[in-house]
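Commentary on secondary and tertiary structure
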Amino acid sequence: MIGFIVLVVAFLAIAPRFLFGIRDLSHLDSTPYPVRQQPPSEGLNEVLAQIRELHQTVKPLKGKAKLKALRHFMDHLNDDLEITAEVRPQSQPAGEWVLAPGADTKRRILYIHGGGWLVGSPRSHRAITERLAQKTGAAVFSLDYRLMPEHRFMDGVEDCREAYRWLLDNGPNGPEPASFMVVAGDSAGGSHTLALIAWLRDQGLRQADAAIALAPSTDLTLTAPSNRNNLATDALLGPMAGPMGKVPRWLSWWLTLLAFRVSPTNPAASPLRGNLANLPPTLIHATDQEMLLDNARRYATAARNAGSPVELHIWPGLVHVWQMFRQQLPEAEEAFEDIRQFLEQVESN
């Protein structure tokens, strides 16, 4: 019996590399990317205290109770944020328009929120979407895509695809062709963003004029060094992912297949492992403290090697998707200004 169990475990450990086609991408780790030379602002201590409170609240919870608490925290993260832009709910596709005064409704940003495909909503990310609307003058549509575990991972992917196609021909005031299209997202939404622009290319649809990915999850195989090396420094993701850091990678691949119902190498879930040629100008933000740092580095390097224009800008000492904490962190405003300049340069070319 013990021998049989050993054989089964050995098979499960060895099989994924062949069944899932997991290629070694460590050659992408040698490309250096500069980190901004500036110490984190004092507001970081307030953000870290807020995050510690979150982890202390959810730590004793399990299952649905934990998921409910995480979703509540995300949705109420910025309740005290003064919103000056118009927020206009929409039912189909589900989401909300965020419109700054004088918005050019022909210039549109599809924003895909993060939250590990489990939590998050247009409400939770208004700190980002409202600032994007203000800085760019574009009409921002924040998508309320279907989340796991109530829905399949690919349901959310399809929601992103349908929303983009709809936005090509529809603005906040009704049917109107788009003159400039941007896809943007953070973390899990950043992954959806990068997967979407590759899908648009493959489908022969009108490509986005630009893409923005804030701390994207680019590879569900979790083989990038920072996925484990930065567990202790990632204040937001580290405590949640801590147990997974002790799980053998081969087991995490099977768990991913079980939870997502797609291979961890499927480009819809791991855009790094797809074809990265002929993609639009893309801007990626990351911090040197987060677990997803090398996911961003690997994607930027692979895309550049394939001839696609990608910029990766790294801030030191900050938390994952620090742009959500714009009230406490001046670095959030720096990030939004960086995005404005990037899009301005894209439109001028």
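Sequence order as written defines the numbering, with residues in each chain counted from 1. Local features in this predicted model are restricted to residues of pLDDT 70 or higher, and side-chain atom pairs are both shown and tallied only at a pLDDT of 80 or more, whereas totals for entire chains, interfaces and linings draw on every residue. Remark: hydrogens and water are excluded; side-chain values derive from all non-hydrogen atoms of the structure.

Digging into the sheet that holds strand S10 (residues 310-315)
Formally: Here a strand pair is declared whenever DSSP counts at least two bridges between the two strands. Numbering of helices and strands starts at the N terminus; helices are DSSP runs of H or I of at least 4 residues and strands are runs of E of at least 2. As a rule, the C-alpha atoms of each element are fitted with a line to give its axis, helices using only the stretch in contact, and angles between N-to-C directions run from 0 to 180 degrees. Only heavy atoms enter the contact rule, under which two residues are in contact if any of them lie within 4.5 Å.
Reading across the sheet, the 8 strands line up as S1-S2-S4-S3-S7-S8-S9-S10 and stay open at both edges, with mixed pairing between neighbours. A strand with exactly one partner marks an edge of an open sheet, and here the two such strands are strand S1 (86-90) and S10. Ignoring strand direction, the axes of neighbouring strands in this sheet form an average angle of 20°. When strand S3 (residues 104-112) meets strand S4 (residues 138-143), the two strands line up parallel, connected through 6 bridges. Looking across to S4, one finds that Leu110 is bridged to Phe141. Strands in contact with helix H10 (residues 293-305) are strand S9 (282-287) and S10; relative to S10, the strand with the most contacts, it is inclined by about 155°.

Looking at the nonpolar core
As a rule of thumb, soluble globular proteins bury nonpolar side chains together. Our working definition: Throughout, nonpolar core names a set of buried Ala, Val, Leu, Ile, Met, Phe, Trp, Tyr and Cys residues whose side chains join them through atoms within 4.5 Å. Burial classes follow relative accessibility: with a 1.4 Å probe on protein chains only, a residue under 20% of its type's maximum area counts as buried, one over 50% as exposed, and anything between as partly exposed.
One finds Ile128, Ile212, Trp322, Phe325 and Ile339 to be the most contacted residues of the largest nonpolar core, which totals 44 residues. Listing elements by their share of this core, those giving two or more residues are helix H2 (43-58), helix H3 (63-75), S3, helix H4 (126-136), S4, strand S7 (180-186), strand S8 (210-214) and helix H11 (330-348). The element best represented in this core is H11, accounting for 7 residues. When residues no more than four places from it in sequence are discounted, the contact partners of Ile212 are Val182, Val183, Ala184, Gly185, Thr193, Leu283, Ile339, Phe342 and Leu343. Judged by nonpolar contacts, the second largest core, of 43 residues, contains Leu110, Ile112, Cys160 and Ile197.

Regarding the layout of surface pockets
Filter applied, for reference: Two kinds of site are reported from a 1 Å grid over the protein atoms alone, namely cavities, where a 1.4 Å probe fits but cannot get out, and pockets, open sets with protein on both sides within 12 Å along at least five of seven lines, and residues are called lining when an atom falls within 4 Å of a point. Grid points are joined across faces, edges and corners, and a volume is the space filled by probe spheres set on the points. Residue type decides the class: Asp, Glu, Lys and Arg count as charged, Ala, Val, Leu, Ile, Met, Phe, Trp, Tyr, Cys and Pro as nonpolar, and the leftover types, Gly among them, as polar.
Each pocket or cavity is described by its volume, and for the second largest pocket that value is around 190 Å³. Along the wall of the second largest pocket there are 16 residues; nearest its centre are Ala195, Ala198, Trp199, Pro267 and Ala268. Sorting the residues of the lining of the second largest pocket by element identifies helix H5 (153-169) and helix H6 (188-203) as the ones contributing at least two each. Considering each element in turn, the lining of the second largest pocket owes the most residues, 7 residues, to H6. The class makeup of the residues in the lining of the second largest pocket is 10 nonpolar, 3 polar and 3 charged.

Notes on H10
Which entries qualify depends on this criterion: Residue count minus one, scaled by 1.5 Å, sets the expected span of a helix.
Here H10 is 13 residues long and its end C-alpha atoms lie 18 Å apart, about the 18 Å a rise of 1.5 Å per residue gives. For H10, the buried fraction is high: 10 of the 13 residues fall into the buried class. Those residues of H10 that sit buried are Leu293, Asp294, Asn295, Ala296, Arg298, Tyr299, Ala300, Thr301, Ala302 and Ala303. The secondary structure elements touched by the buried residues of H10 are H6, helix H7 (226-229), S9 and S10.

Side note on unusual backbone geometry
Geometrically, the link from Gln92 to Pro93 is a cis peptide bond, its omega value of -5° lying close to zero. Between Met148 and Pro149 the backbone carries a cis peptide bond, its omega angle lying at 0°. Relative to the helices and strands, Pro149 resides in the loop between S4 and H5. Within the chain, Leu222 stands out as a residue other than glycine whose phi angle is a positive 55°. By secondary structure assignment, the location of Leu222 is in the loop between S8 and H7. What makes Leu222 partly exposed here is its relative accessible area of 32%. Located in the positive-phi region is Asn278, a residue other than glycine, with phi close to 55°.

Observations concerning the packing of aromatic side chains
To keep things clear, this is the line we draw: Stacked, tilted and edge-to-face are the three classes applied to pairs of Phe, Tyr and Trp rings, where Trp contributes its six-membered ring and a pair requires centres within 6.5 Å; stacked means planes under 30 degrees apart, edge-to-face means over 60, and tilted covers the rest.
According to the stated counting rule, one finds 7 aromatic pairs in the structure shown. For the pair Phe141 and Trp166, a centre-to-centre distance of 6.3 Å together with 45° between the ring planes defines the contact as tilted. Of this pair, Phe141 sits in strand S4 while Trp166 is found in helix H5, placing the two residues 25 residues apart along the sequence. These aromatic residues form a ring-pair network of at least three members: Trp97, Phe141 and Trp166.

Let's talk about the pairing of strand S2 (residues 95-99)
Two faces make up the sheet, and in a regular strand the side chains alternate between them. For S2, the buried fraction is high: 5 of the 5 residues fall into the buried class. Taken together, the 5 bridges between S1 and S2 define a ladder with antiparallel strand orientation. Bridge pairing in S2 links Arg88 to Trp97. Sheet topology places S2 next to S4; 4 bridges connect them, and they run antiparallel. Among the inter-strand pairings, Trp97 is bridged to a residue of S4, identified as Phe141.

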